[in-house]
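# Descriptive analysis of the structure
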Amino acid sequence: MKEIKCLEANKYQDSNYEKYENGIYRKDNLFFVTLSFIQEPELGEGKDASSISQYPLEDLLDKFGVYISDFYKSENDAGKDTCYLEFASSDAKDIINLLTIINKHVYNRNVIIDGEETVTLIIE
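The sheet contact formed by strand S7 (residues 106-113) and strand S8 (residues 116-123) spans 8 bridges and is antiparallel. When the sheet's bridge partners are listed, tyrosine 107 is paired in S8 with isoleucine 122. Linking S7 back to S8 in an antiparallel pair, the connection comprises 2 residues, with aspartate 114 at a positive phi of about 50°.

Considered as a void within the structure, the largest pocket measures approximately 160 Å³ in volume. Lining the largest pocket we find Leu7, Glu8, Ala9, Asn10, Lys11, Thr34, Tyr72, Glu75 and Tyr84.

Below, the discussion takes up the pairing of strand S3 (residues 24-27). Pairing of strand S2 (residues 18-21) with S3, which is carried by 3 bridges, proceeds in the antiparallel orientation. Paired with glutamate 18 across the bridge in S3 is arginine 26. Here S2 folds back onto S3 in antiparallel fashion, the turn holding 2 residues, of which asparagine 22 has a positive phi close to 35°. In terms of strand pairing, S3 meets strand S4 (residues 30-38) through 3 bridges, oriented antiparallel. Each bridged residue has a counterpart across the sheet, and for arginine 26 the counterpart in S4 is phenylalanine 31. Between S3 and S4, which follow one another and run antiparallel, lie 2 residues, and aspartate 28 among them has a positive phi close to 50°.

Tallied over the entire structure, the rule returns 4 aromatic pairs. Judged by centre distance (5.2 Å) and plane angle (70°), the ring pair of tyrosine 12 and tyrosine 17 falls under edge-to-face. Just as tyrosine 12 is buried, tyrosine 17 falls in that class too. Ring geometry for tyrosine 12 versus tyrosine 25: centroids 4.4 Å apart, planes at 15°, classification stacked. With tyrosine 12 in the loop between strand S1 (2-7) and S2 and tyrosine 25 in strand S3, this pair connects stretches of sequence that are 13 residues apart.

Quick look at the environment of valine 111 now. Counting through the fold element by element, valine 111 comes out in strand S7. The class for valine 111 is partly exposed, based on a relative accessible area of 21%. Separated by 23 residues in the primary sequence, valine 111 and alanine 88 place their C-alpha atoms 30 Å from one another.

Rules behind the numbers
- Residues numbered from 1 in each chain as written.
- Predicted model: local features only at pLDDT ≥ 70, side-chain atom pairs only at ≥ 80, totals over all residues.
- Heavy atoms only, no water.
- Pairing = 2+ DSSP bridges.
- Helix = DSSP H or I, 4+ residues; strand = E, 2+ residues; numbered from the N terminus.
- 1 Å grid on protein atoms, 1.4 Å probe; cavity = no way out; pocket = protein on both sides within 12 Å on 5 of 7 lines; lining within 4 Å.
- Points joined across faces, edges and corners; volume = space filled by probe spheres on them.
- Phe/Tyr/Trp six-rings, centres within 6.5 Å; stacked < 30°, edge-to-face > 60°.
- Buried < 20%, exposed > 50% of the residue type's maximum accessible area, 1.4 Å probe, protein only.

All quantities given are derived from atomic positions and should not be read as evidence of function.
Following this line, the structure appears as structure tokens:
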């Protein structure tokens, strides 16, 4: 994942959403942020926005304690490079921490630890 950006989704203009800070919105005691990014097929990620790969996405969800709350199906069309996902958490700190990946390169790498091969999440 590269070119990660925070977006002000149109849905946040709904009166049910309250702006919390820096692209983060609150609704019903949950916190939301929408991110866009480009996948890297050469690193095993999906080829376009219609096929967002499970990894490194699952590792990000685990690391930051967030979940996907909106897939933006109409935006994630085949043939488009840019992917859109809304992330949510009941704790604003989780979303604030997730925003540390903005403008970073996020991917999985195979590494050897104690003689065993494992996959690790890289954020640089």
